[in-house]
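# Fold and geometry: a report
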Protein chains: 2
Amino acid sequence: MKAKITLKDIARELEVSISTVSKALKNSEEISRDTKEKIQAFAKLYNYRPNNIAISLKNKRTKNIGVVIPDIVHHFFTTVIRGIEKYANARGYNVIVCSSDESFDREVINMEMLANGSIDGFIMSLSSETQKKNDYNHLKEVTEQGIPVVLVDRITNEIECDKVVIDDQLGAYMAAKKMIDQGRKKIGIITTADYLSVSRARTEGYKKALMEHGIEVDESRMLKLSSMDMDEELIKDFFDSTDLDAVLCVNEIFAVFSMRLAQKRGLRIPEDMSFIGFTDGFLSQYAYPSLTVVAQHGQKMGEISAQMLIDKVESEAEEETYQTKILEPTLVVRDSTIN
Amino acid sequence: MKAKITLKDIARELEVSISTVSKALKNSEEISRDTKEKIQAFAKLYNYRPNNIAISLKNKRTKNIGVVIPDIVHHFFTTVIRGIEKYANARGYNVIVCSSDESFDREVINMEMLANGSIDGFIMSLSSETQKKNDYNHLKEVTEQGIPVVLVDRITNEIECDKVVIDDQLGAYMAAKKMIDQGRKKIGIITTADYLSVSRARTEGYKKALMEHGIEVDESRMLKLSSMDMDEELIKDFFDSTDLDAVLCVNEIFAVFSMRLAQKRGLRIPEDMSFIGFTDGFLSQYAYPSLTVVAQHGQKMGEISAQMLIDKVESEAEEETYQTKILEPTLVVRDSTIN
DNA sequence: TTGTAAGCGTTATCAC
DNA sequence: GTGATAACGCTTACAA
């Protein structure tokens, strides 16, 4: 086992001082050609690599960014992480991923853990519990310490920081409009509790589309599921008690699951009932029929967040200007709606 | 903006020495009750938190573990990460995730980046390119430096280290046997190139089951797709040219995709053709019909890897004993096979 | 051209 | 009971 070699080791072996070694390896003009060559050769031979931790301590920069998301096992967040990682790595940053598991406490713990020097900034998406409690003190503390934060997707107005979202309302609007344009009149929505910022926005967009097209918004056509429960009975009841010819779902799991229940009761998709979901994941792609969705461009969101964060981290300027980047969703038309 | 407070700051404010502060905050016996209380109160008031980086430098322990996987946007790996994260966090470790994107170069770069002090150990799953090249020098270097490595799922015999896998061969065997037991005689397999350790093992298991039950292994019933291409034509040709009543697929995407193609040509599933895939993800669960799969227990694998890694990291012992943990897969029976 | 020393924030050893 | 000092590995201003 050949342990990592340090500047000190090189200095000792070559009988020069540590600073000479340091400078030589940085190709400093100060050092003579001879010495530099000797030191560089030695360093190369022994595969010297500077210790990141020491550099971090010195520079007060870790080149790590902390990502706190509600759930890793979720296609959308996964694409966000991929975008973050891609961009961050290209700029020499590492990504520390922590999942809050939709829990407020875990979100707080993870942030505190990382905020003590481990990272230069945060990219995060709020846990549902946090949005429900509406308690953002952990975020406030972090920003007050001067640690930059970028909120993605699940955001809040309570915190001043950079934000990246897609226009969820527009997405739902586009989806509902699509259905209306295809002659659907009895359009339902399957959504989650209102405290989730994105579901709220999507429900708004849905309502807006109906209203603008002279369709009455009927509460009985709106089913609210508690988060990810996938309560089969509730959906069945919904289908039993409601006359629908189209359903908008706030995520792809709701959509694919409901499609199946619809099929089981003999409905043809899209002829009898058309479906649109959110999140352009594998499920939508490979469902049968394939699902028309509002694509959220998670990877793009990740890249942009990472860019905003790193720019802020590296900017000397002490300006307190924050921006909110709103991306346009895209409708990906597949077989669950008429083309 | 209230910047982070350090021991030095506290010492200055309270007019004591840094070491007194350090000891007081550790509740050392050496320090008088009075001083301790004063210091602790002050620290609490100003929300003192020790700087992780400084501690890392001192202890030569980062409490970070590096995870290098081929792809984050992949349900199986995602569950592995979740398991790692869960276990690691519980033991006070953070998880730095890097995706190699199935690329050898990115795998090498990421490992080098992390190996310079950022992490205490690695958990990794080899990229397909690495398995293809069969080049593991980057792993050798890391282990020679004394950094513990745990390989998960996509492993190699070239490296001596702890390993965690499921018994892929057994999984495929169980799946094929299930089909045989249900009277299927013409069982095909859709797999990937042989250099992927898991696909190879699964193909072996498939063959073994056939042979043990007196069914001839027919190369024409074995389709090899190049990784994740999802080449529709190839699968169609396969179905055209081969007479099959059951198909085993080495992942859920292959399975769900082929099921669709089969359905499109009028085959009933499972009556005319039954399907079994690998990976118990959302796709399998929500496909129509739902897919019978070999569950790989990714989360469990993640937890075990993390446990093995952290145990090794924290063990003083310099013993060079490595173990390979082989988990048993489980067959999750759904509607794509007869019950 | 090379070396010394201070400092990043912490802990541990040893002296007072 | 308290504090000075060295050390972790590196950078850099300042001496020599």
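Computed from a prediction, not measured in an experiment: that's the story for all the values here. (Residues numbered from 1 in each chain as written. Chains lettered and ligands numbered in written order. Predicted model: local features only at pLDDT ≥ 70, side-chain atom pairs only at ≥ 80, totals over all residues. Heavy atoms only, no water.)

## Quick look at the overall build of chain A
Counting its regular elements, chain A contains 14 helices and 12 strands. By the compact-globule yardstick of 20 Å for 339 residues, chain A is too spread out, its C-alpha radius of gyration being 26 Å. Within chain A, buried positions represent 55% of all 339 residues. Contacts in chain A between residues far apart in sequence, at least 24 positions, make up 71% of those at least 6 positions apart. Accessible area for chain A stands at about 14700 Å²; split by element, carbon and sulfur atoms hold 47% of it. Taken together, the 44 basic and 53 acidic charged side chains of chain A have centroids lying 6 Å from each other. (Helix = DSSP H or I, 4+ residues; strand = E, 2+ residues; numbered from the N terminus. Rg over C-alpha atoms; globule rule 2.2 N^0.38 Å. Buried < 20%, exposed > 50% of the residue type's maximum accessible area, 1.4 Å probe, protein only. Contact = heavy atoms within 4.5 Å. Areas by Shrake-Rupley, 256 points an atom, 1.4 Å probe, with all protein chains shown as cover. Lys, Arg positive; Asp, Glu negative; His and termini not counted. Charge placed at Lys NZ, Arg CZ, Asp CG, Glu CD.)

## As for the interface of chain A and chain B
Many structure descriptions define interface size as the accessible area lost when the parts assemble. Of the residues lining the interface, 60 residues belong to chain A; the matching set on chain B comes to 60 residues. Across the interface of chain A and chain B, roughly 5400 Å² is buried in total on both sides, 57% from carbon and sulfur atoms. The interface formed by chain A and chain B includes 4 salt bridges. The interface formed by chain A and chain B contains 18 residue pairs in polar contact (both at pLDDT 80 or more). Of all the secondary structure elements, the ones that give two or more residues to the side of chain A that touches chain B are α4 (52-59), α5 (75-90), β2 (94-99), α6 (104-115), α8 (137-144), α12 (252-264) and α13 (282-286) of chain A. For the side of chain A that touches chain B, the element with the most residues is α5(A), which contributes 8 residues. Looking at the side of chain A that touches chain B residue by residue, the class counts come to 25 nonpolar, 21 polar and 14 charged. (Buried area = accessible area lost by both parts, 1.4 Å probe. Salt bridge = Lys/Arg side-chain N within 4 Å of Asp/Glu carboxyl O. Polar contact = N/O pair within 3.5 Å; in protein donor to acceptor, adjacent residues only side chain to side chain. Nonpolar A, V, L, I, M, F, W, Y, C, P; charged D, E, K, R; others polar.)

## Thoughts on the relation of the copies chain A and chain B
The two copies are related by a screw operation: chain A maps onto chain B through 180 degrees of rotation and 0.0 Å of translation along the axis, at an RMSD of 0.0 Å. Expressed as an axis order, the relation between the two copies is that of a two-fold axis. Distance from the rotation axis, computed per C-alpha, reaches its smallest value in chain A at Ile96(A): 2.1 Å. (Least-squares fit on C-alpha atoms with pLDDT ≥ 70 in both.)

## A few points about the UniProt feature "domain: HTH lacI-type" (unreviewed entry) in chain A
Taking the UniProt record as the reference, the feature "domain: HTH lacI-type" (unreviewed entry) is found at residues 5-59 of chain A. A helix fraction of 67% and a strand fraction of 0% characterise residues 5-59 of chain A, whose end C-alpha atoms lie 21 Å from each other. (UniProt positions renumbered as here; feature names shortened; annotations may be inferred.)

## Some remarks on the protein's contact with DNA strand C
The environment of DNA strand C is formed by 27 residues, the closest being Ser19(A), Thr20(A), Lys23(A), Lys58(A) and Tyr48(B). Between a phosphate oxygen of DNA strand C and a side-chain N or O atom of Lys60(A), the distance comes to 2.8 Å. One of the side-chain N or O atoms of Tyr48(B) is found 2.6 Å from a phosphate oxygen in DNA strand C. Looking at the surface near DNA strand C, the elements that each hand over two or more residues are α2 (18-25) and α4 of chain A together with α1 (7-14), α2 (18-25) and α4 (52-59) of chain B. Broken down by element, the residue count for the surface near DNA strand C peaks at 4 residues, all from α2(B). (Near = heavy atom within 4 Å.)

## A closer look at the state of the cysteines
Using the criterion set out here, one finds 0 disulfides over all chains in the structure. With no disulfide partner, Cys98(B) has as its closest neighbouring cysteine sulfur the one in Cys98(A), 14 Å distant. Judged by its relative accessible area of 0%, Cys98(B) is buried. (Disulfide = S-S within 2.5 Å.)

## Describing the protein's contact with DNA strand D
Near DNA strand D, the surroundings consist of 26 residues, among which Leu7(A), Tyr48(A), Thr20(B), Lys23(B) and Lys60(B) are the closest. A share of 59% of the atoms of DNA strand D within 4 Å of the protein falls on sugar and phosphate groups. Taking Ser22(A), its side chain carries an N or O atom lying 3.1 Å from a phosphate oxygen of DNA strand D. One nitrogen or oxygen atom from the side chain of Lys60(B) is found 2.7 Å from a phosphate oxygen belonging to DNA strand D. Among the secondary structure elements, those contributing two or more residues to the surface near DNA strand D are α1 (7-14), α2 and α4 of chain A together with α2 and α4 of chain B. For the surface near DNA strand D, the element with the highest residue contribution is α2(A), accounting for 4 residues. When grouped by side-chain class, the residues that make up the surface near DNA strand D number 9 nonpolar, 9 polar and 8 charged.

## Some details on α5(A)
All names here are of chain A. In this model α5 runs 23 Å from its N-terminal to its C-terminal C-alpha over 16 residues, within 8% of the 22 Å that 1.5 Å per residue would give. Of all 16 residues in α5, 13 are buried; the element is thus mostly enclosed. Looking at the residues trailing α5, positive phi occurs at Gly-92, about 80 degrees. (Expected span 1.5 Å × (residues − 1).)

## What about the layout of surface pockets?
When its volume is computed, the largest pocket comes out at roughly 1900 Å³. Contributing to the lining of the largest pocket are 49 residues, with Lys4(A), Lys60(B), Ala115(B), Gln145(B) and Ile147(B) lying nearest its centre. Secondary structure elements with two or more residues in the lining of the largest pocket: α2, α3 (33-45) and α4 of chain A together with α4, α8 (137-144) and α14 (298-314) of chain B. Top element by residues in the lining of the largest pocket is α4(A). It accounts for 4 residues. Split into classes, the residues belonging to the lining of the largest pocket amount to 21 nonpolar, 12 polar and 16 charged. (1 Å grid on protein atoms, 1.4 Å probe; cavity = no way out; pocket = protein on both sides within 12 Å on 5 of 7 lines; lining within 4 Å. Points joined across faces, edges and corners; volume = space filled by probe spheres on them.)

## Comments concerning the sheet that holds strand β9 (residues 274-278) of chain A
All names here are of chain A. Ordered in space as β7-β6-β8-β9-β10-β12, the 6 strands form an open sheet in which the pairing is mixed. In this open sheet, the two strands that pair with only one neighbour each are β7 (222-225) and β12 (330-332). The average undirected angle you get between the axes of adjacent strands in this sheet is 20 degrees. Sitting on the sheet, helix α11 (residues 232-241) is in contact with β6 (187-192), β7, β8 (246-249) and β9, with an inclination near 175 degrees to β7. (Pairing = 2+ DSSP bridges. Axes fitted to C-alpha atoms, helices over the stretch in contact; angles between N-to-C directions.)

## As for the domain arrangement of chain A
Residues and elements named next belong to chain A. Partitioning chain A into structural domains gives domain 1 (7-50), domain 2 (62-165 + 298-327) and domain 3 (168-296). Of note, the centres of domain 2 and domain 3, computed from C-alpha atoms alone, are 29 Å apart. The interface of domain 2 with domain 3 comprises 10 residues on the first partner and 11 residues on the second. Summed over both partners, the interface of domain 2 with domain 3 comes to about 950 Å²; 58% of that surface belongs to carbon and sulfur atoms. Between the two partners, domain 2 and domain 3, sit 0 salt bridges. Where domain 2 touches domain 3, the interface holds 2 residue pairs in polar contact (both at pLDDT 80 or more). Counting only elements with at least two residues in the side of domain 2 that touches domain 3, the list comes to α5, α7 (128-133) and α14 (298-314). With 3 residues, α7 is the single largest residue contributor to the side of domain 2 that touches domain 3. Broken down by class, the residue content of the side of domain 2 that touches domain 3 amounts to 3 nonpolar, 4 polar and 3 charged. (Domains from an automatic or database assignment.)

## Notes on unusual backbone geometry
All names here are of chain A. The residue after Tyr-288, namely Pro-289, is reached through a cis peptide bond having omega -5 degrees. Turning to its location among the elements, Pro-289 is positioned in the loop between α13 and β10 (292-295). Even without being a glycine, Glu-15 presents a positive backbone phi close to 55 degrees. With respect to the helices and strands, Glu-15 occurs in the loop between α1 and α2. You can call Glu-15 exposed: its relative accessible area is 73%.

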